[in-house]
Amino acid sequence: MTTHRIQVMVCTGTGCVSNHAFEIRDAFEREIKKNNLQTEAAVITTGCNGFCGAGPLVVVQPDGIFYQLLKVSDIPHLVAEHFLKGRPVKKLMYIPPEEKTPIPKMSEIPFFADQTLIALRNRGMIDPEKIEDYIGRGGYKAIAKVLTSMKPEEVVTEIKASGLRGRGGGGFPTGVKWESCKKAHGTAKYVICNADEGDPGAFMDRSIVEGDPHSVIEGMLIGAYAIENVTQGFIYVRMQYPLAIHRFEVAIKQAREYGLLGKNIFDKGFDFDIEIRRGAGAFVCGESTALMTSIEGKVGEPRAKYIHTVEKGLWDCPTCLNNVETWANVPQIILKGAKWFSSIGTGDVSVDPWGGSKGTKVFSLAGKVNNTGLVEVPMGITMRDIIYKVGGGIPEGKKFKAVQTGGPSGGFIPETLLDLPVDYEELAKVGSMMGSGGMLVTDEENCMVDMAKYFLSFTQDESCGKCIPCREGTKRMLDILDKITMGKGSEEDLVMLEELSSMVVESSLCALGGSAPNPVLTSMKYFREEYEAHVRDKKCPAHVCKPLIKYSIDENVCIQVGHGCDVCRKQCIDNAIIGEKNQAHRIDPSKCGKCGICYDVCKFDAIHIE
Amino acid sequence: MGKLKIEDLEKIAEEARKKMTIREGGGRAKITVHMGTCGIAAGARNIMNTFLKEIETHDVHDVIITSTGCAGLCNKEPMITIELTGQAPVKYIQLTEAKAKRIFDEHIMKGKFVQEYAYAIGSEKIL
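Okay, so let's go over this structure.

## Some details on the overall build of chain B
The number of helices and strands found in chain B is four helices and five strands. Helices and strands appear in chain B in the N-to-C order α-β-α-α-β-β-β-α-β. Each of the three principal axes of chain B carries a C-alpha extent, and together these read 60 × 30 × 25 Å. Sequence-distant contacts in chain B: of pairs separated by 6 or more residues, those separated by 24 or more amount to 65%. Accessible area for chain B stands at about 6,500 Å²; split by element, carbon and sulfur atoms hold 52% of it. Once the 19 positive and 17 negative side-chain charges of chain B are each reduced to a mean point, those two points are 2 Å apart.

Structure follows, in structure tokens:
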């Protein structure tokens, strides 16, 4: 039997795998065997579906029934009901927040329905470890087209005309980069795929690699052909991404076996091969020059970029580095044409390659948002649509506060700017950036000073230390933020923080230092009153900074409504609550560790935070 | 696996697509076997197996088989619904293996529905 009537697509991206997706797969296989359905139902593992918050998840085809939050114990019932009796199991389907009726079909769930897929076109549809699946969806057709019917310069022109810009953060026009590298003098040139994604909360590149590694390889093949004199490519990926490395290894091996990598590809006299280089997970190695030094086997430190890497990069040879998502877009542009690609997005790139943002962008949506996961949306969509339509809004009806875009080096965007169209220029205008596509949503319970401190502590920790402004500047800034959150800050500290920020931005060697103060600068710009509350009134309005908050019990409520229920005293880990059962309770501030347990357990709202 | 020529790419793609039509929810025809308790008791499994076998013998890859619950006509089971793209669904009742084979030959393969086994064309209104 070649055709199965049911195909069970089990998501095995890292998110679902850590939620036991492989056990779910095994359970399906077991139950299918038990019910004698081996000839009728096939289990297929796929890459990340994007809806990570609902994982482990499974889509049953051909009907596209979407099951979420599965447990191994759900599977016997599911197989018996759905596969045997044809009754999809409602209680395992997705129910939109604040609604009661489940949505059975994947295509009708707003999270999926509002997305446009280019880079993620094969997600959930193919087994990433089977090259035939990729070929079945039109894979390697673009490199075949390029090798048979396009001159290298025509490929560069096509990519330039498409308006594709670097998806790793910089937004540099890809075609322009290829052209410069092509023109650079040198008989040996290299292409590199930057898969060293390191932003906290960002997992776009990892998911593309885990779900569709061949799309990246094909993109690199096309780039190597267009730039010419390139026979070797490198994929730089961090050790912390074991599944991504594994899928790359499998994909490269399969491509070599089919002769799609190696000598004389498709008998057209074109040679190209790829090797993987594992990074140790230093954030700075995502910066192009530091990444190249790391591939060379030296300490990953950036260098000044007045000599461009397209002229002198890896081993001083002309090198073209693009990020995973950029490479993954390339085959589709070749197959469908620059015109198709540039019809999506904002601005006009026909004269100026910087004139607009074209195509789609993948974002990882994390933090205080209902649908956490991976989304691909057209450029120019509003931030509001991403958060409220695709993302499903803020959980528990809380109030939105700000969204941090572009990872730790990006900035906060407040509610007043939510209707901003998302593209490279608009985000830069408000002090943030596209970055690689991390998007962290915060709500009223997040303290902006604390958030800025969190991101700065990350960049400070990851500063390579080569140049003083970044190494020392971010450290001093962090000290000041620490002081402010401890309730020891003054108004002069705010002035100093701003001064230090502009110094670090202006005098750092690479983009890590150059953008590290962004979270501080934007939070001070849009949430100045929170900083002032911390330094002036010694209060944290969001009740996050422990030294600035105080717990107290309203003794009247405690005795009259709660009748001195004594629950808080029993739960208090610091023995800071004084009182007997049936009597009013109070908190001894000298012992209180401000853990908030009493506040959570009190059923009578007798405990207040100020 | 050997080195690919450009012509091989299409062959591999064709072979892979056979398996993937189902995943993409595409397909020219959809056979829905009603498999409520009544259907199963009346022999719906056998009917489904007959169709699976027919698909294999005819080597077609654009026909989807799926199952659903009871349609409310328990005394007319085993029952199926056949939908060809762009046409109204047709319900067949009280099927046997022989009837199923004929329906596959005439309706699925040749596009002409078998009037003598058909019960109704179209579906109920859903309010």
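## Section: the overall build of chain A
Looking only at helices and strands, chain A features 25 helices and 20 strands. What you see for chain A is a C-alpha radius of gyration of 27 Å, in line with the 25 Å of a compact globule of 610 residues. Each of the three principal axes of chain A carries a C-alpha extent, and together these read 90 × 70 × 40 Å. Expressed as a percentage of its 610 residues, the buried residues of chain A come to 59%. Here the analysis covers contacts within chain A between residues at least 6 apart in sequence; of these, 69% occur between residues at least 24 apart. By element, 52% of the accessible surface of chain A is carried by carbon and sulfur atoms, the whole surface being about 23,700 Å². If you average the places of the 71 positive and of the 78 negative side-chain charges in chain A, the two averages end up 2 Å apart.

## What to know about the interface of chain B and chain A
Taken residue by residue, the interface counts 35 residues in chain B and 42 residues in chain A. Here chain B packs against chain A, burying approximately 3,300 Å² in sum over the two surfaces, 59% of which is carbon and sulfur. Our count for the chain B to chain A interface comes out at four salt bridges. Of the charged contacts in the structure, one is a salt bridge between Asp63 of chain A and Lys30 of chain B, with a shortest N-O distance of 3.5 Å. In this assembly, chain B and chain A are joined by seven residue pairs in polar contact (both at pLDDT 80 or more). No other element matches helix α1 (residues 6-20) of chain B, which puts nine residues into the side of chain B that touches chain A. For the side of chain B that touches chain A, the per-class residue count stands at 15 nonpolar, ten polar and ten charged.

## Some points on the pairing of strand β12 (residues 360-367) of chain A
All names here are of chain A. For β12, the buried fraction is high: seven of the eight residues fall into the buried class. Here six bridges tie β12 to strand β13 (residues 373-378), and the two strands are oriented antiparallel to one another. Counterpart to Leu365 in the pairing with β13 is Gly373. Between β12 and β13, which follow one another and run antiparallel, lie five residues. Of the strand pairs in this sheet, β12 and strand β16 (residues 438-443) are connected by four bridges, and their pairing is parallel. The partner of Gly367 across the bridge, within β16, is Val441.

About the criteria used
- Residues numbered from 1 in each chain as written.
- Chains lettered and ligands numbered in written order.
- Predicted model: local features only at pLDDT ≥ 70, side-chain atom pairs only at ≥ 80, totals over all residues.
- Heavy atoms only, no water.
- Helix = DSSP H or I, 4+ residues; strand = E, 2+ residues; numbered from the N terminus.
- Contact = heavy atoms within 4.5 Å.
- Areas by Shrake-Rupley, 256 points an atom, 1.4 Å probe, with all protein chains shown as cover.
- Lys, Arg positive; Asp, Glu negative; His and termini not counted.
- Charge placed at Lys NZ, Arg CZ, Asp CG, Glu CD.
- Rg over C-alpha atoms; globule rule 2.2 N^0.38 Å.
- Buried < 20%, exposed > 50% of the residue type's maximum accessible area, 1.4 Å probe, protein only.
- Buried area = accessible area lost by both parts, 1.4 Å probe.
- Salt bridge = Lys/Arg side-chain N within 4 Å of Asp/Glu carboxyl O.
- Polar contact = N/O pair within 3.5 Å; in protein donor to acceptor, adjacent residues only side chain to side chain.
- Nonpolar A, V, L, I, M, F, W, Y, C, P; charged D, E, K, R; others polar.
- Pairing = 2+ DSSP bridges.

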